Amino acid sequence: MNRFNQKTVLVTGGSSGIGLAAAQAYAAEGARVVITGRDQATLDQAASAIGGNAVALRNDAGDTASARALGAELSSRGMRLDAAFINAGAAKFSSFADTTEAFFDDLFTTNLKGAYFQLQALLPVLNDGASIVLNGSINARIGMPNTSVYAASKAALISLAKTLSAELLPRGIRVNVVSPGPVTTPLYGKLGLDDAALKATAAQIQSQIPLGRFGTPEEIAATVLHLSSPESGFIVGTEIVADGGMSQL
C-alpha cells in the first residue's frame, strides 16, 4: 500500500517505541517523515532505521518556545504536513498522597500543554484536510492506582480531540486519539523500578489483559496510520482503544 505517497507527516517522540514504529510504517507507505525527540544521537539512529526520506529534528515536547521553533523550521524548509502523530509524552506514576505540585506540573506540561501548543504552532504548516492523531492511554478510562495525574493528562487529550476537531472543521482537519493499553516499549524500562519489580509489575499487568499479552508498537502504529489516512475520513473527534480488551472486557 502507498497511502502516504508524496505526503509529509510528523511524528513527535519518533525516536523509539510507538513513535518509531509509526514513523517506519508511514515511510513504508511512501511518506516523507519528520521525527522529533530530545536526544539528537538517538534521533539520528532512528532516522537511519526509517531510511530515505526521514528528517530528524531535536525538539522538547514540553517547551512552548521549542514548539514554535519546530513550526518555524518546517515552514522554512517549505514543508507542509498532511498528517501529524502527536506522540511525545511522559509516563510517571505517584500515589495521590505523595504527589507533589512539581510532579503534577511536569506531567501536565509534557503531556497536555506541550501537545496543545505544538499543535497551535503547526497550524500554519498543516494542509487543509490534514489528520492529527493524539497518543492517549487507557489509563484515562480505568481506575489504576498511582496514575491519577498521568490518567488526567491523557483524559484531557481525549477532550482536546473533540474540541479541536470542532474548531478546525472549516479546514477539514480531523483530530482523533489512539489509546494504547500495555505495549512492549522502552517506556516500561523508565519507571524507576529494579528488574525484579519491573518483571512483577509486567506480570501483574499482563494478567489483566484478556488477550494474555502486551501489544506491540507495530499494532498501535497500524491504528495510527488508519486514523491518518483517507480511509478514516468519516472518523472525527474520536478515540480508538487498542488494549487487548483490558478496558473493555
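Everything here concerns the structure above.
Residues numbered from 1 in each chain as written. Predicted model: local features only at pLDDT ≥ 70, side-chain atom pairs only at ≥ 80, totals over all residues. Heavy atoms only, no water.

(A) A look at the environment of Ala 88. One can find Ala 88 in the loop between β4 (81–86) and α4 (101–122). Here the alpha-carbon distance between Ala 88 and Glu 101, two residues 13 residues apart in the chain, equals 22 Å. (Helix = DSSP H or I, 4+ residues; strand = E, 2+ residues; numbered from the N terminus.)

(B) View of the packing of helix α3 (residues 64–76) against α4. Relative to each other, α3 and α4 sit at 30°, their axes nearing to 8 Å. Viewed along their axes, α3 and α4 adopt a mutual orientation that is roughly parallel. As α3 runs across α4, the sense of the crossing is right-handed. Counting all contacts with α3, which are made through Thr 64, Ala 67, Arg 68, Leu 70, Gly 71 and Leu 74, the residues of α4 involved are Lys 113, Phe 117, Gln 118, Ala 121 and Leu 122. (Axes fitted to C-alpha atoms, helices over the stretch in contact; angles between N-to-C directions. Parallel < 35°, antiparallel > 145°, perpendicular 65-115°, else oblique. Left-handed = near helix turned anticlockwise from the far one by under 90°. Contact = heavy atoms within 4.5 Å.)

(C) Representation of the environment of Asn 111 in the model. Inspection of the secondary structure assignment puts Asn 111 in helix α4. The class of Asn 111 is buried, set by a relative accessible area of 1%. Taking the C-alpha atoms as reference points, Asn 111 and Gly 13, separated by 98 residues in sequence, lie 11 Å from one another. Those residues within four positions of Asn 111 in sequence are excluded, and the remaining contacts are Gly 89, Ala 90, Tyr 150, Ser 153, Lys 154 and Leu 157. From its side chain, Asn 111 meets the backbone nitrogen of Ala 90 in a polar contact 2.7 Å long. A polar atom in the side chain of Asn 111 sits 3.1 Å from the side chain of Ser 153. (Buried < 20%, exposed > 50% of the residue type's maximum accessible area, 1.4 Å probe, protein only. Polar contact = N/O pair within 3.5 Å; in protein donor to acceptor, adjacent residues only side chain to side chain.)

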